[in-house]
Amino acid sequence: MKKWIAVLAAIMIITAGCSSKETEKKEATEHKEKEIEVEETVPPEELPYQFPLSGLGTAEESSDRAVAVVVNNHPKARPQSGLDKADVVYEVLAEGDVTRFIAIFQSEQPGKIGPVRSAREYFIDLASGYDSFFIAHGYSPEAKDMLERGVIDNINGMQYDGTLFKRADFRKAPHNSYITYKNIVKGAETKGYELDEAPASAVFLSSEEAEGLEGTPAEEFMVKYGSPSFDAIYEYDAEQQKYHRFNGSEESVDFESKEPLLIDNILVVQMDHSIVDDVGRRVIDMASGGKGYLFQKGKVNEIQWKNEAGRIVPYKDGAKAGFVPGKTWINIVPSISDVSFDSQQ
């Protein structure tokens, strides 16, 4: 009997020890989970500086000069390389219904950009608003005259084809000219241009202002350029709080990463367009101001735009309309009726 009492006592001691260990383990696990929950709810430390063209935070003040590159948007040039890294992208008509991009880089420097295409005088005007180092491959007669007069610091593929600019073997000319960021820097050094002065900052909303944005619902809209191949469609992703871009059913992605282009602000502005020659080249009135729409956070507001020191700046109710920090695309159209969206969403 004493033997069984001793065995029972031993079992009780072991069980109690195990129970104690399990309790300690459970308490430790619960404590760890609470620590994780606390860590997740702690807001990230605000960075002391902002990039001037994206408004996103940075640990160190940026002194990099803006670089503007004319990027091809012909269907044979898609998908393009590097557009996902641009802070600001202008989309504007060249000849016919063909649009091109003027991509402004400052906060990020993609490895490869292109296909690079030829300049027009109003492309140079847009790039000049950011004191950009201007990159193109080719030019109209008017643009060539401006570049030769030194209106803007630049390098051009007409002089550096095969050296700073490289031809891709998977596409045919004129849709296959590319440049690396390293060669952009090399080109600036070759011509004695400085790349160490940042552009003036755009106006950005605070996080509280961005979250409190009001406007007409506009989670999907189209910017028409006269051809299904070039009409741009934007769709809002509520989870990411950004817009995706499409040409027809084809989503705009980066050629290198295959990731979609994600956009925080789309500014659509109406400017008077005039055809000036038999080729179909245009003159665009970028000085007079006019009507437009600003799409942000799945909402749209009517704005008036002004040209301030070469930049297209939106105004609402007499004050500058701030941008949501992130990527901004500016679509220039001949008529405000070229923008269509369902305001009943």
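Residues numbered from 1 in each chain as written. Predicted model: local features only at pLDDT ≥ 70, side-chain atom pairs only at ≥ 80, totals over all residues. Heavy atoms only, no water.

A. Structural detail: helix H2 (residues 121-128). The buried fraction of H2 is high, at six of eight residues. Taken residue by residue, H2 has Glu 121, Tyr 122, Phe 123, Ile 124, Leu 126 and Ala 127 as its buried positions. (Buried < 20%, exposed > 50% of the residue type's maximum accessible area, 1.4 Å probe, protein only. Helix = DSSP H or I, 4+ residues; strand = E, 2+ residues; numbered from the N terminus.)

B. Region of the structure containing the packing of aromatic side chains. Throughout the structure, instances matching the rule amount to 13 aromatic pairs. Between Tyr 122 and Phe 123, the ring centres sit 5.1 Å apart and the planes meet at 90°, which makes this aromatic pair edge-to-face. Of the two residues, Tyr 122 and Phe 123, both sit in the buried class. With a centroid separation of 5.3 Å and an interplanar angle of 85°, the aromatic rings of Tyr 293 and Phe 341 are classed as edge-to-face. Taken together, the positions of Tyr 293 in strand S20 (residues 290-296) and Phe 341 in strand S25 (residues 339-341) put the pair 48 residues apart, joining distant regions of the chain. The exposure class of Phe 341 is partly exposed, given its relative accessible area of 26%. Cluster of aromatic residues (ring-pair linked, three or more members): Phe 221, Tyr 234, Tyr 236, Tyr 243, Tyr 293, Phe 295 and Phe 341. Directly above the aromatic system of Phe 230 lies the positively charged group of Arg 78, at a separation of 5.2 Å from the ring centroid. (Phe/Tyr/Trp six-rings, centres within 6.5 Å; stacked < 30°, edge-to-face > 60°. Lys NZ or Arg CZ within 6 Å of the ring centre and 35° of its normal.)

C. Examining unusual backbone geometry more closely. The peptide bond linking Arg 78 to Pro 79 adopts the cis configuration, its omega dihedral lying at -10°. Within the secondary structure, Pro 79 is located in the loop between strand S3 (67-72) and strand S4 (88-93). The amide bond that connects Gly 114 to the next residue, Pro 115, takes the cis arrangement and shows omega of -5°. Its place among the elements puts Pro 115 in the loop between strand S6 (112-113) and H2. In this structure, Lys 297 takes a positive phi of about 55° despite not being glycine. Its place among the elements puts Lys 297 in the loop between S20 and strand S21 (299-308). Overall, Lys 297 belongs to the buried group, its relative accessible area being 16%. Of note in the backbone geometry, Asp 317 takes a positive phi value of approximately 55° without being a glycine. Assignment of secondary structure puts Asp 317 in the loop between strand S22 (311-316) and strand S23 (319-320).

D. Just the pattern of salt bridges, in detail. Scanning the entire structure with this criterion turns up 14 salt bridges. A salt bridge links Arg 245 to Glu 91, with the nearest nitrogen and oxygen atoms 3.0 Å apart. Residue Arg 245 is found in strand S14 (residues 242-247), and its partner Glu 91 is found in strand S4; the two are separated by 154 residues along the sequence. No difference in accessibility class separates Arg 245 from Glu 91, as the two residues are buried. The network of salt bridges with common partners includes Arg 65, Asp 131 and Asp 153. (Salt bridge = Lys/Arg side-chain N within 4 Å of Asp/Glu carboxyl O.)

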